[in-house]
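# Commentary on secondary and tertiary structure
Read off the chains here:
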Amino acid sequence: MRRNSLAIALLAALVTAPSAYAADTAATAPQAHDPDHEPVDLSAVHVRASVLPGTAEDLARPVEVLAGERLDAAKASSLGETVNKLPGVQSSYFGPGVGRPIVRGFDGARVQVLSDGLGSGDVSTVSADHAVSIEPFLANQIEVLKGPSTLLYGSGAIGGAVNVIDGRIPETVTTEPLQGRAELRAGTVNDEKTGMLRLDGTSASGDLVFHFDALHRETGDYAIPGFAESARQLAAEGETPEPGSSGTLANSALRTDSAALGLSWIGERGFAGVGYSLFNTRYGVPGHSHGDGDGDGHGHDAADDHDHGEDAPGDDAVHILMDQRRTEVRAGLDGLGVFETLRFKFADTRYTHTEFEGAAIGTVFDNASKEARLELVHQPWAGWRGAFGVQWANRTFDAAGEEAFVPGTEGNDTGLFWIGERRSGDFKFELGARHDRNTIDAVPQPLAPLRSNSRKFEAISGSAAVQWELNDRFHASLGLDRSQRVPTAEELFSNGLHVATGTMEIGDDTLGVETANRLELGVRWHGERIDLGAAIYGIRYADFIYQASPTSLDNPGNPLMDDGVPVRLWNQADARFHGMEADATIALVDNDHGAWDLRVFGDIVRGKLADGVERDVDVGVFHGEHVHRHAAQISERGNLPRLAPSRLGSELSWSNGAWRASLGAVRYLKQDRVAANETVTPGYTLVDAHLAWHRDTPSGNAWEVFLDGSNLLDREARPHTSFLKDLAPLPGRGIAFGVRAFF
């Protein structure tokens, strides 16, 4: 009934929309609209993740932006999948409900996911099967900051940041009294049904602006081009699957509801607003039941511990119900004498995540977080235009249940930063510094009386960059960063069975701060018929925090196991990363038959441990009221696990009047640079296509119909970045179709 009601409401909005206009949301203000519904010039879009206003072209640091038609074509059920085709950006995968961005090989606690400058408030960094609580379909704009972003957003952004702009708290008046957009879509690969509605309006007095949005999505189990388990997995288990069991990935269904309401007062010099939002999703975890013991997701050591992808809801299938409620306050004031602008942001988030085994509750995660941020942009001082900022966050986390491998913790973080820029002729210089103080307190564990349950850290980060504008066409940039990250509660205090990864995960309460030193060179060329960008970078990590796969000293040459489950230890060692990425757009033809453009891109990243030593460790694994002791050895050399594979991609696009279309392919290369106890992942190619017809109405409204195809060659695709690569392939061939309205 809920789905039908929403569909009726959306259809009513399409039919009875007032004579106002709306369009692609990609201007400076998060709720602004393009009256002509034209494609957005992404190089001119202001990057809101940067405290100092500027476009992606203005910034010396590498930034990618999705907005307008390009964002509409990329939107997916997860944030990671939405940004997956940007150079240097891939996605984790734990079924269709979970996909977190991976930026230049970094993910988890090293990539900060933001909702217009504030943390998402979820627990997606705690476990690979935890979803990000941000709905991409409601975004106006998505920004990806590649490389360390600790200056702006703290130690959790040492690998980058992804900022989602949704305009839920208006900052400017709307161009019409009421405007918005709506979308209805359906899909074949998973029987998808999605509806979305967004409204923005300004009162007759002109000083009150409201925002409303709502989304509902339902999918079934998705189709796959073969069996759920890989041929390697089946061979390792000595199993022959039943012929009728192919074609569908069991327990991969998804349901999501999201909504928000915001209200702002807009004055001549500033604004003040408040918003409330909810995000609720229920998704299956394919290939798993509680009690899994399938190694790191690539092997299998206890053949009867997982469900072979054949369970169904109501048996012992694992599914997750996630609910988040969030209150935000934002305000801004311009013209404060020595300060150009003041911006204040605050969010109070309540998050609950319940893991079910069939109808029984397994583990419940509760996370209560508060975050506040104040930014002051000052007038130029000695030629430097800059901004001061202070950021404070508090997080109270608790996990209850048989499989709660992380104890309850409370964390506090306070950061103070300054960034500045100065122009001199053809050069633009950027400088910045930040200092953070962090405390983490954990609930004492009787089995570890000597464990340090309270840790305090200080992190200092600094950055310098220069941009050289040789002329209007050629820009080059050079960046140097020193960034620090403090360990997370999971890295410090975890001890127990981590069901999602099928491992015994053991933290280390003695871990210290990790330090990254990055050097990057970037170039961009704007020609008459070609736009070209490229970057090459290297990062040297001191005390890099990672999960080590120890070998047993009691059973030499074999991985350390505890009751048949592989053991993973959080450890620190020096590491080296290097990579490069490039993209180019070539204008092939532009005549009466339409405009043809060709886009090509590629990226590569390498990551290895640099210490090159082995050391013996004593391992204690908690079991109820006792501890299993093991003697093991850690090797601090070799490749790092689940590193994103190299890619090559291309897209041919065409537009002519109301029509636009594209055909693209991405080749994921074989990943054979693997870590200890990790298997090689074969390469694969994904082909997609898009077709849309757009019509502007005489009354100023617009609407368009679209047809999207994904994995058109129906290839078996198993991402190397996924813990489930041998249990859950990506969806097979799918067709999505629908209608969008702008009013």
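The sections below set out a description of the structure shown in this document. Note on numbering: residues in each chain are counted from 1, in written sequence order. In keeping with the predicted nature of the model, local features appear solely for residues at pLDDT of at least 70, side-chain atom pairs appear and are counted solely at 80 or more, and the whole-chain, interface and lining totals rest on all residues. Hydrogens and waters are ignored; side-chain quantities use all the structure's heavy atoms.

### Overview of the pairing of strand S13 (residues 317-336)
The condition is simple: Pairs of strands are assigned from DSSP output, requiring at least two bridges between the strands. Secondary structure follows DSSP: runs of H or I at least 4 residues long count as helices, runs of E at least 2 residues long count as strands, and numbering of each begins at the N terminus.
Alignment of S13 against strand S14 (residues 339-357), held across 18 bridges, turns out to be antiparallel. In the sheet register, Leu333 faces S14, and the bridge partner there is Leu342. Taken together, S13 and the strand that follows it, S14, pair antiparallel across an intervening segment of two residues, in which Gly337 is found at a positive phi of about 70 degrees.

### Focus: the pattern of salt bridges
Basically, it comes down to this: Here a salt bridge means any side-chain nitrogen of Lys or Arg lying within 4 Å of a carboxyl oxygen belonging to Asp or Glu. In this scheme, a residue with accessible area under 20% of its type's maximum is buried, one over 50% is exposed, and one in between is partly exposed, where area comes from a 1.4 Å probe on protein chains only.
Following the criterion strictly, the structure yields 50 salt bridges and no others. The salt bridge partner of Arg61 is Glu430, with a shortest N-O separation of 3.6 Å. With Arg61 in the loop between helix H1 (2-16) and strand S1 (63-67) and Glu430 in strand S18 (residues 427-442), the pair connects residues that are 369 residues apart, well separated along the chain. By relative accessible area, Arg61 is classed as partly exposed at 24%. Between Glu183 and Arg185 there is a salt bridge; the shortest N-O distance is 3.0 Å. For the pair Glu183 and Arg185, a shared accessibility class is recorded, and that class is buried.

### Description of the sheet that holds strand S29 (residues 614-623)
Strand order in the open sheet formed by three strands is S25-S30-S29, and the pairing between neighbours is antiparallel. Either end of the sheet is taken by a strand with one partner, and the two such strands are strand S25 (551-552) and S29. Note: S29 against strand S30 (residues 626-635), ten bridges, orientation antiparallel. From the neighbouring strand, Gly620 faces S30, where its bridge partner is Arg629.

### A closer look at the pairing of S14
Successive residues of a regular strand alternate their side chains across the two faces of the sheet. Pairing of S14 with strand S15 (residues 360-381), which is carried by 18 bridges, proceeds in the antiparallel orientation. The partner of Tyr351 across the bridge, within S15, is Asn367. Joining the antiparallel neighbours S14 and S15 is a turn of two residues, in which Gly358 adopts a positive phi near 65 degrees.

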